[in-house]
Amino acid sequence: VQLQASGGGLVQPGGSTRLSCAASGNILSMSAMGWYRQGPGKQRELVARINTLNRTTYADSVKGRFTISRDNAKNTVYLQMNSLKFEDTAVYYCNAYRVGVNVRSDYWGQGTQVTVSS
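Residues numbered from 1 in each chain as written. Predicted model: local features only at pLDDT ≥ 70, side-chain atom pairs only at ≥ 80, totals over all residues. Heavy atoms only, no water.

**So, the sheet that holds strand 7 (residues 66-71)**
Read across the sheet, 4 strands follow the order 1-3-8-7 without closing on themselves; strand pairing throughout is antiparallel. Strand pairing shows two members of the sheet lacking a second neighbour, strand 1 (3-7) and strand 7, which therefore form its edges. Pairs of neighbouring strands in the sheet enclose a mean axial angle of 15°, with direction left out of account. (Pairing = 2+ DSSP bridges. Helix = DSSP H or I, 4+ residues; strand = E, 2+ residues; numbered from the N terminus. Axes fitted to C-alpha atoms, helices over the stretch in contact; angles between N-to-C directions.)

And the structure:
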């Protein structure tokens, strides 16, 4: 599976943007898809995840502001980011993983920069 992330860019504080992650294969074959981010000098962290049952998980720092969704027909996952803060500045990575018997396979997109600045 190849993942192609797009969206992001420069956004003002309080603004919004949407990230897209298009998969080359059927995303229903994945256990879950999500977004991670890595800010300057920070470790990569989970931002949001959605599984095949549409159950979502969010980092506490983005709850109520970010929404992850999926379009199975388009094999695409989205991250709607609202009320952006300076601390949301990071490279955002799309992730998909598949859990098998005693193994988890992860797939990563190339990363897209989101910069929150006035």
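From this point, the narrative continues.
**A few points about the packing of aromatic side chains**
Within this structure, the stated rule accounts for 1 aromatic pair. Measuring from ring centre to ring centre gives 5.0 Å for Y36 and W108, while their planes differ by 65°; the resulting arrangement is edge-to-face. Placement of Y36 in strand 4 (residues 32-38) and of W108 in strand 10 (residues 103-108) is noted, with a sequence separation of 72 residues between them. Over the aromatic face of Y93 sits the side chain of R44, whose NZ or CZ is 3.8 Å from the ring centroid. When the ring centre of W108 is taken as reference, the NZ or CZ atom of R44 above it lies at 4.7 Å. (Phe/Tyr/Trp six-rings, centres within 6.5 Å; stacked < 30°, edge-to-face > 60°. Lys NZ or Arg CZ within 6 Å of the ring centre and 35° of its normal.)

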